[in-house]
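This is what each chain is made of:
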Amino acid sequence: MGMKGELITKASITEEPSDLVPRAGGWQRLSRDFLTSGGRTWEDQPDYLRITLLNLMEAAAFIVWGLFLCLNLLGVVESSLGRIVIDAMGVAVAVGVLSSLRMGASVAVVAHVAHAFLFAFLLGLAIVRANNPLAMTLPLIYPAMAFLLLDDVRRGCVGTLLMIVGINVTIFSGFGPELRDRTMAFDGALTASVGMCFQAVVMALYVHHRKRVMTRLREVSTQLSELACHDPLTGLYNRRTFIEVLERELSRRDCNERQLALLLFDIDRFKAYNDCFGHPQGDELLKRIADATRMVFSRREDIVFRLGGEEFGVVFRTDDAEQATVMADCLLAAIEALGEPAPDGPHDTITVSAGLNLLDGGSNITAKHAYLRADEALYRAKASGRAHWVRAVG
């Protein structure tokens, strides 16, 4: 039905699964909630991988940096002010990232902050722990972490290049581990550079392919959602969406205290029209009536449905009963003005019969009850001569 009502209806259709849905095992639920920051995202969401990685990485960082900080403060290992500062900052960043995720901070912002500190810590370790040549191996993990955290090929490549430059400067400037001779320095620099370049190429291919796949999956998901909630012939919302929208609208109160209205209508003697002109022409008539209905109910909040066959429905808000009756009259007049010839009956052109039900939002009326009352009014209109509408009672 175009864009009107899109924001209203889509919210109910695309809601993420409720946490009340049974899951296999308490541990699976606990681990899922922890890894996704209280269940904020699900496995099929684009940020699920980054949130999981951030949680795992920062939990490990908290344990490692916390352990080293304790050992340094207790004098178990040889300590220095620089090492203590790095360990304390590592603990602070880990706690900050974990807390930010659980407070609903932007995943992209948190990931970029975590990446910046990861870059600084890995490069800083090679300098601060220069007496331990093994410290030079830690930056080798950087490319994989950078591509996964940033989720961007260009930024991942730039970060890897900067890390390679930083490692080489550290080695050849004398700030890094003390190596026996220049040959060992060249070997170490070359090994680290090639290793990180190869890892960057692999991760770039992975991220590029993953983003293409995720884009395609989102497109398919959108298409499936459209098919699930729309009538393929007229483009209007279908019966499944009608029930969901009506239930929700009945449960909420309009900010301006306007009344909720439900209008059901169907085409008079539509079978005779199909028999006379053929089903393809009947399909064209359905589309023309759908377009006419959208023209009458053109406000953003008006939602038009095709409920099946020749039956249509409209859920809309009205200031009072008089406004609702005017809109119902306008609809019947607009359809009659189409001038589509009627093969049977007292009218020269196609007409519709309708049932109007005015509802109170926030009441205990169910969607089923509201629909039945409008349907009864529709059939009273048909029984009393067609080509007009009747208001529901009760």
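Here we take up the overall build of the protein. Within the protein one finds 13 helices and five strands. Going through the 394 residues of the protein one by one, you find that 44% of them count as buried. When the accessible area of the protein is evaluated, it comes to approximately 20300 Å², of which 63% is carbon and sulfur surface.

What follows concerns helix α3 (residues 48–74). An ideal rise of 1.5 Å per residue puts 39 Å on 27 residues; α3 measures up with 39 Å between its terminal C-alpha atoms. Backbone geometry just after α3 places Gly-75 at a positive phi near 75°.

Across the nine residues that make up strand β1 (residues 259–267), a large majority, eight, are buried. In terms of strand pairing, β1 meets strand β3 (residues 311–318) through eight bridges, oriented antiparallel. Pairing of Asp-266 across the sheet is with Glu-311, part of β3. Note: β1 against strand β4 (residues 352–359), eight bridges, orientation antiparallel. From the neighbouring strand, Leu-260 faces β4, where its bridge partner is Leu-359.

Here we take up the side chain of Asn-238. Considering the arrangement of structural elements, one finds Asn-238 in the loop between α8 (182–229) and α9 (239–251). Its relative accessible area of 14% is what places Asn-238 among the buried residues. A polar side-chain atom of Asn-238 sits 3.3 Å from the main-chain amide nitrogen of Arg-240.

For the rest of this paragraph, the subject is the state of the cysteines. As used in these notes, a disulfide is a covalent bond between sulfur atoms, one from each of two cysteines. With the rule as written, the count across this model stands at zero disulfides. Considering cysteine sulfurs only, Cys-197 is the nearest to Cys-157, which forms no disulfide, with 9.4 Å between them. The class for Cys-157 is partly exposed, based on a relative accessible area of 36%.

Among the residues of helix α10 (residues 270–277), those classed as buried are Phe-270, Tyr-273 and Asn-274. Down the axis of α10, the smallest arc covering the buried residues is 100°, so these residues share one side. Exposed and oriented more than 90 degrees from the buried face of α10 are Lys-271 and Asp-275. The inward-facing, buried residues of α10 contact β1 and α11 (279–296). Positioned one or two residues after α10, Gly-278 has a phi angle of 100°, which is positive.

What follows covers the pattern of salt bridges. Evaluated as defined, the whole model comprises 18 salt bridges. Where Asp-152 meets Arg-155, a salt bridge forms, and the shortest distance between an N and an O atom there is 3.9 Å. Overall, the relative accessible area of 38% leaves Arg-155 in the partly exposed class. A salt bridge links Arg-299 to Asp-302; its shortest N-O distance comes to 2.8 Å.

Looking now at the confidence of the model for the protein. A residue-level look at the protein finds 83% of positions with pLDDT of 70 or above and a mean pLDDT of 83. Here residues 1–32 is modelled with pLDDT under 50, and outside its nearest four sequence neighbours on either side it reaches 56 contacts, counting other chains as well.

This brings us to the packing of α3 against helix α6 (residues 142–150). Interaxial distance between α3 and α6 falls to 8 Å at its minimum, and their mutual angle equals 135°. With respect to α6, the element α3 is oriented oblique. Across the interface between the two elements, Leu-49, Arg-50, Leu-53, Leu-54 and Met-57 from α3 touch Met-145, Leu-148, Leu-149 and Leu-150 from α6.

A separate point is the packing of aromatic side chains. In this structure the tally under the stated criterion is 10 aromatic pairs. Aromatic pair Phe-117 and Phe-121: ring centres 5.9 Å apart, planes at 40°, arrangement tilted. Here Phe-121 and Phe-117 lie together in helix α5 (residues 107–128), a separation of four residues that amounts to about one turn. In this structure Phe-117 comes out as partly exposed when scored by relative accessible area, which is 30%. Aromatic side chains Phe-242 and Phe-305 sit 5.2 Å apart centroid to centroid with 75° between the ring planes, which places their arrangement in the edge-to-face category. Note that Phe-242 is positioned in helix α9 and Phe-305 in strand β2 (residues 303–308), a separation of 63 residues in sequence. A connected cluster of aromatic rings, assembled from ring pairs, spans Tyr-237, Phe-242, Phe-305 and Tyr-371.

Taken together, Phe-62, Ile-63 and Val-95 make up a surface patch of nonpolar side chains, about 270 Å² in accessible area. Mapped onto the fold, Phe-62 is located in helix α3. Using a relative accessible area of 39% as the deciding quantity, one classes Phe-62 as partly exposed.

Here we take up the nonpolar core. As a rule of thumb, nonpolar side chains are buried together in soluble globular proteins. With 42 residues, the main nonpolar core has Leu-54, Met-163 and Ile-167 as its most contacted residues. Going through the elements one at a time, α3, α4 (81–102), α5, α6, α7 (153–173) and α8 are the ones with two or more residues in this core. Here this core takes 10 residues from α5, the largest share from any one element. Among residues more than four places away in sequence, those in contact with Met-163 are Phe-119, Leu-122, Leu-123, Pro-139, Tyr-142 and Met-196. Ranked by size, the runner-up nonpolar core spans 29 residues in total, among them Phe-297, Ala-354, Leu-358 and Trp-389.

Cut-offs used in this document
- Residues numbered from 1 in each chain as written.
- Predicted model: local features only at pLDDT ≥ 70, side-chain atom pairs only at ≥ 80, totals over all residues.
- Heavy atoms only, no water.
- Helix = DSSP H or I, 4+ residues; strand = E, 2+ residues; numbered from the N terminus.
- Buried < 20%, exposed > 50% of the residue type's maximum accessible area, 1.4 Å probe, protein only.
- Areas by Shrake-Rupley, 256 points an atom, 1.4 Å probe, with all protein chains shown as cover.
- Expected span 1.5 Å × (residues − 1).
- Pairing = 2+ DSSP bridges.
- Polar contact = N/O pair within 3.5 Å; in protein donor to acceptor, adjacent residues only side chain to side chain.
- Disulfide = S-S within 2.5 Å.
- Arc of directions from axis to C-beta.
- Contact = heavy atoms within 4.5 Å.
- Salt bridge = Lys/Arg side-chain N within 4 Å of Asp/Glu carboxyl O.
- pLDDT = per-residue confidence, 0-100.
- Axes fitted to C-alpha atoms, helices over the stretch in contact; angles between N-to-C directions.
- Parallel < 35°, antiparallel > 145°, perpendicular 65-115°, else oblique.
- Phe/Tyr/Trp six-rings, centres within 6.5 Å; stacked < 30°, edge-to-face > 60°.
- Patch = residues over 30% accessible without salt bridge, like charges linked within 9 Å, V, L, I, M, F, W, Y side chains within 5 Å.
- Core = buried A, V, L, I, M, F, W, Y, C linked by side-chain atoms within 4.5 Å.

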